[in-house]
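Okay, here's what each chain looks like letter by letter:
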Amino acid sequence: MQHFERAIIKISRFIDLMAGVVLAATAILVVTNILGRVLLNRPILGTFELVGFLTAAVVGLALARCALENSHIAISFLTDKLSLSWQRFTELVVGLPAMFFLFFAAYNMFTYGLRLASSGVVSSTIRLPFYPFIYLLSAGFFMLATTVLLSLIKQVTGGKTK
Amino acid sequence: MNPMTAGLIGISVFFLLIALKMPIAYAMALVGFIGFASLTTLSAAFALVSTELFSAFANYSLSVIPMFIWMGFLAYYAGIGARLYNLAYKLVGHLPGGLAIATQATCALFGAVCGSNTATAATIGAIALPEMQKYKYDPSLSTASVAAGGALGVLIPPSVIFIVYGIAAEQSVGRLFLAGIVPGFLLMFLYMLAIYLVARRRPELGPPGPKFGWVERFKALGSGLFEVLVIFVISLGGLFAGWFTPTEAGAVGVAGVVLVTALQGGLTLEIIKNSLADTTRTTAMIMLLVGSAVIFGRFIAISRIPFAMADWAAALDLPAFAVIALILLIYLVLGCFIDALALILLTIPIFLPVAVTVLGYDPIWFGVIIVMVVAMGVITPPVGMNVYIVKGVAKTVPLELIFKGIWPFLVAIFVCLTLLISFPQLATFLPSLLH
């Protein structure tokens, strides 16, 4: 269990770091495009498409750590008034469907990526394929679902809550 | 099943799930998916989840969100807030309640480089609260003034809440930013007036601070205000002038803060790393909300609830302002329990058609009003986000005491809202210049 938890935390932190790198690269791309457009009259072709794809990558890579740090907004003032055992019970009641939905979303997105890969769909300007970014988002949802699974295991085994 | 019945059941289940502490984004996506599947087909719902989520995230228009968030966190870590407070403190700190008045000016100016009200409250709280404690300010006034002032940033551009409203209501982010400027500064002056009146009546709540000479004041002006003005002008000025897209304005703002901080010798790898970590976390939270709201919104649209609401409002024998007042009351109540961003994403598909199509209100004006009302939620119990942030800084002050000090600020927001409803030009004049 501890190995599983440590692995989830390490992977989430690492991919979140990657999200930061991608975000910084996106900002640099946008500013370089402006400079190219204004100073040299030569904008970077496909910036519009790339920025969209890179934003999806940032979101996918950052989802899991956001959940690990309890940053996805939830309302706790009602459940806080319950006893600890009831709090564990309600977390299970809402955690299970949330986890199944997130695993399902990850799988669903993966199959969507497979379909786009086989049909060869690419962006209109720089002919960039969509599917790598969809796979990345799918992996992000998988990691997000895994963090919910980790939290549920802790509830069941009586481990410290996140 | 009747679509309306499915819609109402879906909304009830959603509220039940969030009351049981399911993250709002998960609840919106889950209920939206099941509701959509129940009214169409399972395969259509499958397609909805994959295509809508990817389209929502891989969207150039949404890339503005991480840019302005990063700009704000950079400003936070670079210490711009401290320099602004130093300026405001030297200008008005000697007045009754002067340090709390200085806090409002600092929050408003910091809001001009930061899009997040929680980041503003945390930044200014850490700087202003120890100072107010030193001059024996009553904790209820000092903490409440930081919590309320932090929310000024939602009106003063760049504002992440305006960006999210713009996405949900399909309105120009640039126009919304312009529309928020006058109401934002008006609210700042009303907050200042409220503090002054409270401190005049009960001087022990906010004793005057030290008085500084004009030489010292001018020195502070050079370091604090100048950098904010430079960043604001190159970033948002370019957006208002039509040179930049909102995403470009955000990226230029990021470059501006980096440059200004580097020129002052304060840029470190730590600042970049910490600001990026906070930005990716906040971005993931907001974007998941936005993506989930798209799924929930599709379900609500096919349930025909928005049409039924519009028909109901049209059939009401009430003047338009009474219907708007009713909508605002709903927002006010929900805003006490639900986060501002989530509330806007959740309700705009339902209430916007009523306000704009049926009642004929300007969607930009409606956005300013709604943002101001939901911003009240960040300082009202039981889920006043800014109050919890300030509590995190002033750990010894009980929550009840902070909420007790909020009243003068709530009165100021009500006065501001009344003025905005009576004189919509306060919000619509600046965006009309863009025509």
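Basis of the calculations
Residues numbered from 1 in each chain as written. Chains lettered and ligands numbered in written order. Predicted model: local features only at pLDDT ≥ 70, side-chain atom pairs only at ≥ 80, totals over all residues. Heavy atoms only, no water. Helix = DSSP H or I, 4+ residues; strand = E, 2+ residues; numbered from the N terminus. Contact = heavy atoms within 4.5 Å. Areas by Shrake-Rupley, 256 points an atom, 1.4 Å probe, with all protein chains shown as cover. Lys, Arg positive; Asp, Glu negative; His and termini not counted. Charge placed at Lys NZ, Arg CZ, Asp CG, Glu CD. Buried area = accessible area lost by both parts, 1.4 Å probe. Salt bridge = Lys/Arg side-chain N within 4 Å of Asp/Glu carboxyl O. Buried < 20%, exposed > 50% of the residue type's maximum accessible area, 1.4 Å probe, protein only. pLDDT = per-residue confidence, 0-100. 1 Å grid on protein atoms, 1.4 Å probe; cavity = no way out; pocket = protein on both sides within 12 Å on 5 of 7 lines; lining within 4 Å. Points joined across faces, edges and corners; volume = space filled by probe spheres on them. Nonpolar A, V, L, I, M, F, W, Y, C, P; charged D, E, K, R; others polar. Expected span 1.5 Å × (residues − 1). Patch = residues over 30% accessible without salt bridge, like charges linked within 9 Å, V, L, I, M, F, W, Y side chains within 5 Å. Core = buried A, V, L, I, M, F, W, Y, C linked by side-chain atoms within 4.5 Å. Axes fitted to C-alpha atoms, helices over the stretch in contact; angles between N-to-C directions. Parallel < 35°, antiparallel > 145°, perpendicular 65-115°, else oblique. Polar contact = N/O pair within 3.5 Å; in protein donor to acceptor, adjacent residues only side chain to side chain.

(A) Quick peek at the overall build of chain B. In terms of helices and strands, chain B carries 21 helices and zero strands. Along the longest, intermediate and shortest principal axes, the C-alpha atoms of chain B span 70 × 45 × 45 Å. Long-range contacts, defined as pairs at least 24 residues apart, comprise 79% of the intrachain contacts of chain B with a sequence gap of at least 6. A total of about 15900 Å² of accessible surface is found on chain B, and carbon and sulfur atoms cover 71% of it. Distance between charge centres in chain B, computed from 19 positive and 15 negative side chains, equals 11 Å.

(B) Region of interest: the interface of chain B and chain A. With 48 residues of chain B in contact, the opposing surface of chain A contributes 54 residues. Here chain B packs against chain A, burying approximately 4600 Å² in sum over the two surfaces, 81% of which is carbon and sulfur. For chain B, the biggest contributors to the area lost against chain A are Lys21(B), Tyr26(B) and Phe54(B); these three give 16% of the whole. Residue Arg281(B) is joined to Glu69(A) by a salt bridge in which the shortest nitrogen-to-oxygen separation is 3.4 Å.

(C) Up close: the pattern of salt bridges. Applying the stated rule across the entire model yields 10 salt bridges over all chains. Two residues, Arg298(B) and Glu52(B), come together in a salt bridge whose shortest N-O distance is 3.2 Å. In this pair, Arg298(B) sits in helix H13 (residues 269-302) while Glu52(B) sits in helix H3 (residues 42-57), placing the two residues 246 residues apart along the sequence. Under the relative-accessibility criterion, Arg298(B) is labelled partly exposed at 37%. What makes Glu52(B) buried here is its relative accessible area of 17%. The partner of Arg281(B) in a salt bridge is Asp278(B), with the nearest N and O atoms 3.3 Å apart. You can see Arg281(B) and its partner Asp278(B) sitting in helix H13, three residues apart, about one turn around the helix. Salt bridges sharing partners connect three or more residues here, namely Asp16(A), Arg65(A), Glu69(A), Asp278(B) and Arg281(B).

(D) Representation of the confidence of the model for chain B within the structure. All names here are of chain B. Per-residue pLDDT for chain B averages 87, and the proportion of residues at 70 or more is 99%. The secondary-structure element of chain B with the lowest mean pLDDT is helix H14 (residues 305-315), recorded at 79, while helix H10 (residues 173-201) shows the highest, at 94. For this predicted complex, the interface confidence comes out at an ipTM of 0.93, alongside a pTM of 0.84.

(E) Region of the structure containing the layout of surface pockets. Residues and elements named next belong to chain B. Estimates place the volume of the second largest pocket at around 640 Å³. Around the second largest pocket, the lining comprises 23 residues; the ones closest to its centre are Ile167, Ala168, Glu170, Val294 and Arg298. Counting residues per element, the lining of the second largest pocket draws most heavily on H13, which supplies six residues. Counted by class, the lining of the second largest pocket contains 16 nonpolar, four polar and three charged residues.

(F) Quick peek at helix H2 (residues 47-68) of chain A. Residue and element names in this part refer to chain A. For H2, which comprises 22 residues, the first-to-last C-alpha distance of 32 Å matches the rise-based estimate of 32 Å (1.5 Å per residue) to within 8%. Most of H2 sits out of view: 19 of its 22 residues are buried. Trailing H2 by a residue or two, Asn70 shows a phi angle of about 55 degrees, which is positive.

(G) Expanded view of the environment of Asp16(A). Looking at where Asp16(A) falls in the secondary structure, it is placed in helix H1 (residues 2-39). Separated by 43 residues in sequence, Asp16(A) and Val59(A) place their C-alpha atoms 9.2 Å apart. Discounting residues that sit within four places of it in the chain, Asp16(A) has contacts with Leu61(A), Ala62(A), Arg65(A), Ala277(B) and Thr280(B).

(H) Region of the structure containing unusual backbone geometry. Residues and elements named next belong to chain B. The peptide bond linking Pro157 to Pro158 adopts the cis configuration, its omega dihedral lying at 0 degrees. Looking at the element boundaries, Pro158 is found in the loop between helix H8 (139-150) and helix H9 (160-169). Phi at Lys136 takes a positive value of approximately 60 degrees, unusual for a residue other than glycine. In the Ramachandran plot, Arg304 falls in the positive-phi region, its phi being about 65 degrees despite a non-glycine side chain. Its location among the elements puts Arg304 in the loop between H13 and H14.

(I) Broad picture of a nonpolar patch on the surface. There is a patch of nonpolar side chains on the surface, built from Trp312(B), Leu326(B), Leu329(B), Ile330(B), Val333(B) and Phe337(B) and spanning about 520 Å² of accessible area. Here Leu329(B) shows up in helix H15 (residues 320-335).

(J) Spotlight on helix H17 (residues 363-376) of chain B. Here H17(B) is 14 residues long and its end C-alpha atoms lie 20 Å apart, about the 20 Å a rise of 1.5 Å per residue gives. When you tally the buried positions in H17(B), you get 14 out of 14 residues, the bulk of the element.

(K) Focus on the environment of Phe89(A). Residue and element names in this part refer to chain A. In this fold, Phe89 is placed in helix H3 (residues 84-119). Assessed through its relative accessible area of 46%, Phe89 is described here as partly exposed. For Phe89 and Val156, which are 67 residues apart along the polypeptide, the C-alpha to C-alpha distance reads 9.1 Å.

(L) Structural detail: the nonpolar core. Phe141(A), Ile24(B), Phe57(B), Leu289(B) and Phe366(B) are the most contacted members of the largest nonpolar core, which has 214 residues in total. Not counting the four nearest positions on each side in its chain, Phe57(B) is found in contact with Gly52(A), Thr55(A), Ala56(A), Val59(A), Leu137(A), Phe141(A), Met287(B), Leu288(B) and Gly291(B).

(M) The arrangement of the packing of helix H1 (residues 3-19) of chain B against H13(B) in detail. All names here are of chain B. The interhelical angle for the contact between H1 and H13, taken along N-to-C directions, is 145 degrees, at an axis separation of 8 Å. Between H1, through Pro3, Ala6, Gly7, Gly10, Ile11 and Phe14, and H13, the contact on the second element is made entirely by Phe296, Phe299, Ile300 and Ile302. Its residues assigned to classes, the contact of H1 with H13 shows eight nonpolar, two polar and no charged.

(N) Looking closely at the packing of H2(A) against H13(B). Two elements in contact, H2(A) and H13(B), have axes whose closest approach is 8 Å; the angle formed by their N-to-C orientations is 100 degrees. On the basis of their axis angle, the class for H2(A) and H13(B) is roughly perpendicular. Residues Thr55(A), Val58(A), Val59(A), Ala62(A), Leu63(A) and Cys66(A) of H2(A) touch H13(B), and the partners they reach there are Thr280(B), Arg281(B), Ala284(B), Met285(B), Met287(B) and Leu288(B). Class assignment of the residues belonging to the contact of H2(A) with H13(B) gives a composition of nine nonpolar, two polar and one charged.

(O) Focus on the environment of Gln87(A). Residue and element names in this part refer to chain A. As for its position among the elements, Gln87 is in helix H3. Residues Gln87 and Leu152, 65 residues apart in the sequence, show an inter-C-alpha distance of 12 Å. What Gln87 contacts, discounting residues up to four positions off in sequence, is Thr79, Asp80 and Leu82. Looking at Gln87, its side chain comes within polar contact range of the main-chain oxygen of Leu82, at 3.2 Å.

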